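Single-letter residue listing:
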Amino acid sequence: MGTTQYDAVVVGSGPNGLSAAIALQQAGLEVLLLEGKDQIGGGLRSQELTLPGFLHDVCSAIHPLAAGSPFFKTLPLQEHGLEFVYPEVSAAHPFDGGRAAALHLSLQETAQALGNDKQAYLNLMQPLVKSWPGLAKDVLGPLRIPNHPIDMAAFGLNALTSATFLANRFKTQEARGLWAGMAAHSIQPLSNLTTSAIGLVLMAVGHLQGWPVPKGGSQQIANALASYFVSLGGKIETGHYVTSLKQLPTHKALLLDVTPKQLLVIAGEKLSPFYKSQLKRYRYGMGVFKIDWALDGPIPFTAPECRQAGTIHLGNTLEEIAASEKVSASGGHPEKPFVLLAQQSLFDSTRAPQGKHTAWAYCHVPNGSTVDMTEAIERQVERFAPGFRDLILKRHTLNTAQMQAHNPNYIGGDINGGIIDLGQLYTRPVVTLSPYQTSAKGIYLCSSSTPPGGGVHGMCGFHAARRALKDVFHLSAPVLK
């Protein structure tokens, strides 16, 4: 790589690596961003996986956290080609018999459709929707004294509970099912503490802005971030897979968008024995089995709300979803898995040839599973959309091993960079006041294995960059307004 010296080197061009590189470059540093693959983006890549002209999101697809990210909001990403498209319905949840619950932008409309649970839903969500703009920076960051302590305490009382416990606020099948689908994004049994947190956040941002699709694929988020970084003077090199510190050019700070397992390989020789022992105890969660379809037409969901939604949660009742997630977390493969499905081409015509469509779905499986869940997933879609299978032109599948091969951060298919349960909510990757610092001077972790965890928001990278700027360069870290 030559003898060029950089102020900072960032390894990994996922949303967190890109965010870290941008924050460092904004401070006037010379920054090099290295990506092991030939294409930047990490979990943001989009490719023609099935047939020519059908553009699929390989990993992440729907982006409420990206649209609402406190850091992304400070960046001129629209000027660099990013355009979000907002489905009429953010998320829909069908039930047997043709009914569905739905998350609308309007809080009142969502609550009204829940019938007898209208007031219970308003009581839960109205305060959070009101306080979220101020809370976002506290929730999407490391454990610290919050800027809004009263609002944070109110949020925490609900967020730290299990999804099954919080579901007791609701009586109707519709409200309980809608809530279960949201909480199941936590990728753990719904009886676990803290599983309410992600459900509350996703619903709040849904009411504040919706759940958007990036026009042209999730890759466009990465492309916009990279374009802005380069416009500031940053440098990107792809096809440079880092497995050792010896592969890096001279630098003052190193930020790694990797999980603890890779950190041990890359920088283990520099880390203290105690820190390494903590990293070795880091826990990864369930994996995912994913399918992309090229379709001859839109998915024929029975419920009209599902035909207007960007995201569909397939799992029927809360009880069925909870049972499914419990089986997967215990090492089994449920016959009726909870399925997260996205239908981006309904709202973004760039995804498929005219008249054709794409669809994207995954279910949770045991970490490292290579069991083919195609049949189980397609049965679940057909269950709520009779005739779906007749539309399939071609499919592309990824088991957990293939997911990890595509993105090394997905250890065993874990797309969250480690389970986000009570034991690893803020103490990720280790118990420390500064989770982004490693035990080695000048080496930082900026991946989803640090707070606030998984999701396309860039906040892990932003906070890691702030720490490095303060420690290494004695510069004032950027402040989010």
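- For the chain, the name recorded in an unreviewed UniProt entry is Pyridine nucleotide-disulfide oxidoreductase domain-containing protein 2, with Rufibacter latericius as its organism.
- Of the chain, the UniProt comment under Function (unreviewed entry) reads exactly: "Probable oxidoreductase that may play a role as regulator of mitochondrial function."

## Re the overall build of the chain
Part 1: In terms of helices and strands, the chain carries 15 helices and 16 strands.
Part 2: Against the 2.2 N^0.38 benchmark of 23 Å for 481 residues, the chain shows a C-alpha radius of gyration of 21 Å, consistent with a compact globule.
Part 3: With respect to the principal axes defined by its C-alpha atoms, the chain has extents near 65 × 50 × 45 Å.
Part 4: Counting all 481 residues of the chain, 62% fall into the buried class.

## As for the nonpolar core
Part 1: In this structure, Met125, Trp132, Trp179 and Leu255 are the most contacted members of the largest nonpolar core, which totals 101 residues.
Part 2: It is helix H4 (residues 118-139) that contributes the most residues to this core, eleven residues altogether.
Part 3: In this structure, this core is formed jointly by two domains, domain 1 (6-38 + 238-283 + 417-473) and domain 2 (84-213 + 286-406), each of which donates at least three residues.
Part 4: If near-sequence neighbours (up to four positions away) are discounted, Leu255 is found in contact with Val9, Val10, Val11, Ala20, Leu24, Tyr444, Cys446, Ala464, Ala465 and Ala468.
Part 5: Counting residues in each nonpolar core, the second largest holds 30 residues, with Ala100, Cys306, Cys363 and Ala376 among its members.

## Focus on the sheet that holds strand S10 (residues 250-256)
Part 1: Strand order in the open sheet made by the five strands is S9-S2-S1-S10-S16, with parallel pairing throughout. A single partner strand is all that each edge strand has here, and the edge strands are strand S9 (235-237) and strand S16 (443-445). With direction set aside, neighbouring strand axes in the sheet form an average angle of 20°.
Part 2: Here four bridges tie strand S1 (residues 5-11) to strand S2 (residues 31-34), and the two strands are oriented parallel to one another. Opposite Val10, over in S2, you have Leu33 as the bridge partner.

## Notes on the packing of aromatic side chains
Part 1: This model, assessed by the stated rule, comprises six aromatic pairs.
Part 2: Ring centres of Tyr282 and Tyr284 lie 5.4 Å apart, and the angle between their planes is 85°; on these two criteria the pair is classed as edge-to-face.
Part 3: With relative accessibility at 7%, the residue Tyr282 sits in the buried group.
Part 4: Seen in terms of ring centroids, Trp293 and Phe388 are 5.1 Å apart; in terms of plane orientation they differ by 85°. Their pairing is edge-to-face. Taken as a pair, Trp293 in strand S11 (residues 287-295) and Phe388 in the loop between helix H13 (374-384) and strand S15 (392-398) lie far apart in primary sequence, 95 residues in all. The same class applies to Trp293 as to Phe388, namely buried.
Part 5: Clustering of aromatic rings is evident, with ring pairs tying together Phe71, Phe72 and Phe462.

## A few points about the UniProt feature "domain: Amine oxidase" (unreviewed entry) in the chain
Part 1: According to UniProt, the feature "domain: Amine oxidase" (unreviewed entry) maps to residues 17-250 in the numbering used here.
Part 2: Across residues 17-250, helical content stands at 41% and strand content at 11%; the span's end C-alpha atoms are separated by 19 Å.

## A look at the sheet that holds S15
Part 1: Spatial strand order, S7-S6-S12-S13-S14-S11-S15: seven strands in an open sheet with mixed pairing. The two strands at the open ends of the sheet, each matched to only one other strand, are strand S7 (100-103) and S15. Across this sheet, the average inter-strand angle for adjacent strands is 20°, counted without regard to direction.
Part 2: As paired elements, S11 and S15 share six bridges and run antiparallel to each other. Residue pairing for S15: Ala294 is matched across the bridge by Lys394.

## Here's the deal with the pairing of strand S12 (residues 309-314)
Part 1: With respect to burial, S12 is a largely interior element, six of its six residues being buried.
Part 2: As defined by bridge partners, strand S6 (residues 89-94) adjoins S12 across three bridges and the pair is classed as parallel. Each residue of the ladder has a partner; that of Ala92, found in S12, is Ile312.

Quick notes on the rules
Starting afresh in each chain, residues are numbered from 1 along the sequence in its written order. Given that the model is predicted, a residue must reach a pLDDT of at least 70 before its local features are reported, and side-chain atom pairs must reach 80 or more before they are shown or counted; all residues, however, enter totals for whole chains, interfaces and linings. Think of the side-chain values as coming from all heavy atoms in the structure, minus any hydrogens and water. UniProt positions are given in the numbering used here, feature names are shortened, and annotations may be inferred rather than shown by experiment. Helix and strand assignments follow DSSP, with helices taken as H or I runs no shorter than four residues and strands as E runs no shorter than two, numbered in order from the N terminus. Computation of the radius of gyration draws on C-alpha atoms, with the globule rule given as 2.2 Å multiplied by the number of residues to the power 0.38. The rule is simple: take the accessible area with a 1.4 Å probe, protein chains only, and divide by the maximum for that residue type; under 20% is buried, over 50% is exposed, in between is partly exposed. What we call a nonpolar core is a set of buried Ala, Val, Leu, Ile, Met, Phe, Trp, Tyr and Cys residues that are connected through their side-chain atoms within 4.5 Å. Reported domain spans reflect what an automatic or database domain assignment gives. In this description, contact between two residues means that some pair of their heavy atoms is separated by no more than 4.5 Å. Two strands form a pair only when DSSP identifies at least two bridges running between them. To obtain an axis, a line is fitted to C-alpha atoms, over the contacting stretch when the element is a helix, and the angle between two such axes runs from 0 to 180 degrees between their N-to-C directions. Pairing of aromatic rings covers Phe, Tyr and Trp, the last counted by its six-membered ring, and requires centre-to-centre distances within 6.5 Å; plane angles under 30 degrees mean stacked, over 60 mean edge-to-face, and any other angle means tilted.

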